[in-house]
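# Descriptive structure summary
Below, each chain spelled out in residue letters.
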Amino acid sequence: MVKVGGKLQILLPLLGFIFFTAFHLLKSDKSGAAQDVNSFLEQRLGELAEQFDTDGDGRLTEEELLEWYHVVDVEDKARELQEYWEGCEKDGDGRVSLQEYLNYMAFLKDEPGFILQAQTRFSAADRDTSAALNREEFALFLFPELSPDMNQLLYREEMQDRDSDGDGKLTLSEYLGLDEEELEDRSDERAIKQKHPLL
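Residues numbered from 1 in each chain as written. Predicted model: local features only at pLDDT ≥ 70, side-chain atom pairs only at ≥ 80, totals over all residues. Heavy atoms only, no water.

## Brief notes about the overall build of the protein chain
Inclusion rule: Only runs of H or I of at least four residues qualify as helices and only runs of E of at least two qualify as strands under DSSP, and these elements are numbered from the N terminus. With a 1.4 Å probe rolled over the protein chains alone, any residue whose accessible area is under 20% of its type maximum counts as buried; one over 50% counts as exposed, and the rest are partly exposed. For the area figures, the Shrake-Rupley method with a 1.4 Å probe applies, and any residue is considered shielded solely by the protein chains shown.
Looking only at helices and strands, the protein chain features 10 helices and two strands. Tracing the protein chain from N to C terminus, the helices and strands come up as β-α-α-α-β-α-α-α-α-α-α-α. Counting every position in the protein chain, which comprises 199 residues, the buried fraction comes to 31%. For the protein chain, the exposed area adds up to about 13,600 Å²; of that, 54% sits on carbon and sulfur atoms.

Written as C-alpha cells, this is what we have:
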C-alpha cells in the first residue's frame with residue numbers, strides 16, 4: 001500500500017479532494033461491485049496512488065500528490081466541458097452563441113449579475129470576435145482560470161462579488177464574506193484562543 005509522505009501525512013485528510021475522487025471512482029464502477037464501499041475505495045485509491053508513485057518508493061510525495069490532483073482536475077474539467085457543450089451546442093454548427101448558453105442555463109437567469117457576468121466572460125473568451133465560441137473558446141469561457149490573460153476578468157468578477165458597498169475597495173469583512181459584527185465575533189474568538197490555546 002502506498003503511503004503519503006512528509007508533511008502531507010498530516011494534510012491528507014484533504015477530505016474534499018478524497019471525497020471528490022471517491023465519488024468519481026464510485027461513478028466509474030459499472031460492475032456494481034461497490035457493495036462494500038470502504039474496501040472498494042481503499043482498493044481503487046491504492047491502485048491510483050500506485051500509478052502516481054513515480055519513484056516506486058511506496059510513498060506519495062507532495063509533487064506526486066499534486067500531479068495526481070492535476071490529472072483528476074483536468075479529467076473533471078474535460079467531462080464538465082463535454083456536458084456543457086452537448087447541452088448548449090444544439091444547432092450543430094460547432095459553436096456556442098451567448099443565447100445558446102443562456103437558454104441552457106435559463107434556471108439561473110434571475111440570479112443577480114448572472115447575465116452580465118455571462119456576457120462579460122463571453123466577450124473575453126470570444127478570441128476571434130465571431131459572436132460564437134468554438135470549443136477552445138468555450139473552455140476559456142467556462143474555466144477562465146486556465147488562461148493567465150483572463151486574470152483581469154477574474155479579478156473584476158471577484159471585486160463585483162465581494163465589494164458590497166461598491167466603493168472599489170475591499171475591507172477585511174468584505175474579503176472574508178462576513179459582516180462587521182461577524183468579523184468582530186471572529187476577532188474575539190481568535191483573541192481568546194491566543195490567550196487560551198487549549199480551548
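## Brief notes about the pattern of salt bridges
The condition that has to hold: By convention in these notes, a salt bridge is any Lys or Arg side-chain nitrogen within 4 Å of a carboxyl oxygen on Asp or Glu.
Going through the model one piece at a time under the given rule, you end up with seven salt bridges. Where Arg95 meets Asp128, a salt bridge forms, and the shortest distance between an N and an O atom there is 2.8 Å. Here Arg95 is found in the loop between α4 (62–88) and α5 (98–104), whereas its partner Asp128 is found in the loop between α6 (114–125) and α7 (135–142), with 33 residues between them in sequence. Its relative accessible area of 21% is what places Arg95 among the partly exposed residues. The closest approach of N and O atoms between Arg121 and Glu157, which form a salt bridge, is 2.8 Å.

## What to know about the nonpolar core
How we decide: Residues enter a nonpolar core if they are buried and are Ala, Val, Leu, Ile, Met, Phe, Trp, Tyr or Cys, with the set joined through side-chain atoms within 4.5 Å. Here, residues are in contact when the closest pair of their heavy atoms is within 4.5 Å.
In this structure, Tyr101, Phe138, Phe141 and Leu142 are the most contacted members of the largest nonpolar core, which totals 22 residues. Of the residues forming this core, the biggest block, five residues, is contributed by α7. Leaving out residues up to four positions away in the same chain, Phe138 has contacts with Leu81, Tyr84, Trp85, Cys88, Val96, Tyr101 and Leu133. Core analysis: the next-biggest nonpolar cluster, separate from the first, contains seven residues, Leu48, Ala49, Leu65 and Val72 among them.

## Things to note about the confidence of the model for the protein chain
Definition in use: As a per-residue measure, pLDDT tells how confident the predictor is, with possible values from 0 to 100.
Residue-level pLDDT values for the protein chain average 77, and 68% of them are 70 or greater. Between the elements of the protein chain, mean pLDDT differs from a low of 41, seen in helix α1 (residues 8–11), to a high of 96, seen in α5. With pLDDT under 50 throughout, residues 1–15 is counted as low confidence; its partners more than four residues away or in other chains account for 27 contacts.

## Some details on the packing of aromatic side chains
Put simply, the rule is: Each pair of aromatic rings taken from Phe, Tyr and Trp, with Trp reduced to its six-membered ring, is defined by centres within 6.5 Å and is described as stacked if the planes are under 30 degrees apart, edge-to-face if over 60, and tilted in the remaining cases.
Under the defined criterion, the tally for this structure stands at six aromatic pairs. Chaining the aromatic ring pairs together yields one cluster made of Trp85, Tyr101, Phe114, Phe122, Phe138 and Phe141.

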